[in-house]
Amino acid sequence: MKRLHVHVSVEDLSQSIRFYSTLFAAEPTVLKPDYAKWMLDDPHVNFAISQRGATAGVEHLGIQVETAEELQEVYVRLKTADRPVLEEGATTCCYHHSEKSWISDPQGVAWETFLTSGESTVYGDSPDLEATAAEACCTPQTAQGVCCDAKPELAANAPCCGPAPEVAA
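Please read these numbers as outputs of a predicted model, since none were measured by experiment.

1. Topic: the pattern of salt bridges
Right, so step 1: Under the counting rule described, the total for this entry stands at six salt bridges.
Right, so step 2: Across the salt bridge formed by Asp41 and Arg3, the nearest N and O atoms sit 3.6 Å from each other. Residue Asp41 is located in strand β3 (residues 35-41), and its partner Arg3 is located in strand β1 (residues 3-9); the two are separated by 38 residues in the primary sequence.
Right, so step 3: Salt-bridge contacts for Lys79 lead to Glu87; the nearest nitrogen and oxygen are separated by 3.3 Å.

The structure is reproduced here in structure tokens:
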């Protein structure tokens, strides 16, 4: 069964934990100095907040799966969504080990799809979501260098980042 994931960047973690614990009528299932997460069954959502320097507000959305088969099913959908996909693969993020990919919708909203395989003692890394969203919007003009030279690891999966088309003089 898949679970919706929402990650919100907050300015005051303690205040936000109190608010969301009241809203959800539940304490966080994961609590760290810079991060909290609620794994709720009603609604079926993985709701996370963090205080890590990002602009306050919804940071990204996602689909969390429970099996490798579900992950492959969602990956197939990503690849047919006509948007560049960042295949991050095995990673540590949000105090968990995961397998994940990222895509941005046409408005630039970042979505992750992931399968969690265990806990971590460190927050880990995550891609620069603003850069990912910008690179997902490659056009022939940006493909000439602005998009693709900035982050070659993303460019490898971005169809726009191939050779620039020839322009007739």
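2. Section: the side chain of His7
Right, so step 1: With respect to the secondary-structure elements, His7 resides in strand β1.
Right, so step 2: Residue His7 is classed as buried on the basis of its relative accessible area of 0%.
Right, so step 3: Among the polar contacts listed, one links the side chain of His7 to the side chain of Ser50, at a separation of 2.8 Å.

3. Some thoughts on the nonpolar core
Right, so step 1: Counting residues in hydrophobic clusters, the biggest one holds 12 residues: Val6, Val8, Val10, Leu13, Ile17, Tyr20, Ala36, Trp38, Leu40, Val45, Phe47 and Ile49.
Right, so step 2: Those elements that place two or more of their residues in this core are β1, α1 (13-24), β3 and β4 (44-50).
Right, so step 3: Core analysis: the second largest hydrophobic core is formed by eight residues, Val74, Leu78, Val85 and Leu115 among them.

4. With respect to the confidence of the model for the chain
Right, so step 1: This prediction gives the chain a mean pLDDT of 77; 73% of its residues lie at or above 70.
Right, so step 2: Between residues 136-169, whose pLDDT stays under 50, and residues either more than four places distant or in other chains, the model counts 39 contacts.

5. Thoughts on the pairing of strand β5 (residues 57-65)
Right, so step 1: As defined by bridge partners, β1 adjoins β5 across seven bridges and the pair is classed as antiparallel. Each bridged residue has a counterpart across the sheet, and for Val8 the counterpart in β5 is Val58.
Right, so step 2: Summarising the sheet, β5 and strand β8 (residues 110-119) pair through five bridges and their orientation is parallel. The residue bridging Gly62 from the neighbouring strand is Glu112, located in β8.

6. Structural notes on helix α2 (residues 68-79)
Right, so step 1: Spanning 12 residues, α2 covers 16 Å between terminal C-alpha atoms, matching the ideal 16 Å at 1.5 Å per step.
Right, so step 2: Regarding α2, the residues found buried are Glu70, Leu71, Val74, Tyr75 and Leu78. Around the axis of α2, the buried residues are gathered within 140° of arc, so they sit on the same side. With respect to the buried face of α2, the exposed residues turned more than 90 degrees away are Glu69, Val76 and Lys79.

7. Points about the sheet that holds strand β7 (residues 96-104)
Right, so step 1: Here we have eight strands laid out as an open sheet, ordered β2-β3-β4-β1-β5-β8-β7-β6, and mixed in their pairing. Every interior strand has two partners, whereas the edge strands, β2 (30-32) and β6 (85-93), have only one. Each neighbouring strand pair of the sheet contributes to a mean axis angle of 20°, computed without reference to strand direction.
Right, so step 2: Across three bridges, the pairing between β2 and β3 is antiparallel. Counted as the bridge partner of Leu31 is Ala36 from β3.
Right, so step 3: Packing against the sheet, α2 makes contact with β5, β6, β7 and β8, and its axis sits at approximately 160° to β8.

Parameters at a glance
- One numbering rule holds for all chains: residues counted from 1, following each sequence as written.
- Local features are withheld for residues below a pLDDT of 70 in this predicted model, meaning they are given only at 70 or higher, and side-chain atom pairs are given and counted only at 80 or more; totals for whole chains, interfaces and linings count all residues.
- Side-chain metrics rest on all non-hydrogen atoms present in the structure, leaving aside hydrogens and water.
- Any carboxyl oxygen of Asp or Glu that lies within 4 Å of a side-chain nitrogen of Lys or Arg is treated as forming a salt bridge with it.
- Going along the chain from the N terminus, every DSSP run of H or I of four or more residues is numbered as a helix, and every run of E of two or more is numbered as a strand.
- The buried label applies to any residue whose accessible area, calculated with a 1.4 Å probe on protein chains only, is under 20% of its type's maximum; exposed applies above 50%, and partly exposed to all values in between.
- Identification of polar contacts relies on pairs of N or O atoms within 3.5 Å, with a donor-acceptor requirement for protein atoms, meaning one able to donate a hydrogen and the other able to accept it, and with residues adjacent in sequence counted only if both atoms are side-chain atoms.
- Only buried residues count toward a nonpolar core. Its members are Ala, Val, Leu, Ile, Met, Phe, Trp, Tyr and Cys residues joined through side-chain atoms within 4.5 Å.
- What pLDDT conveys is the predictor's confidence in a given residue, as a value from 0 to 100.
- Contact criterion: two residues are considered in contact whenever any of their non-hydrogen atoms come within 4.5 Å of each other.
- If DSSP finds at least two bridges between two strands, the strands pair.
- The span you would expect from a helix comes to 1.5 Å times its residue count less one.
- Here the arc refers to the set of directions running from the helix axis out to each C-beta atom.
- Only C-alpha atoms enter the line fits that serve as axes; for helices the fit covers just the stretch in contact. Angles between N-to-C directions range over 0 to 180 degrees.

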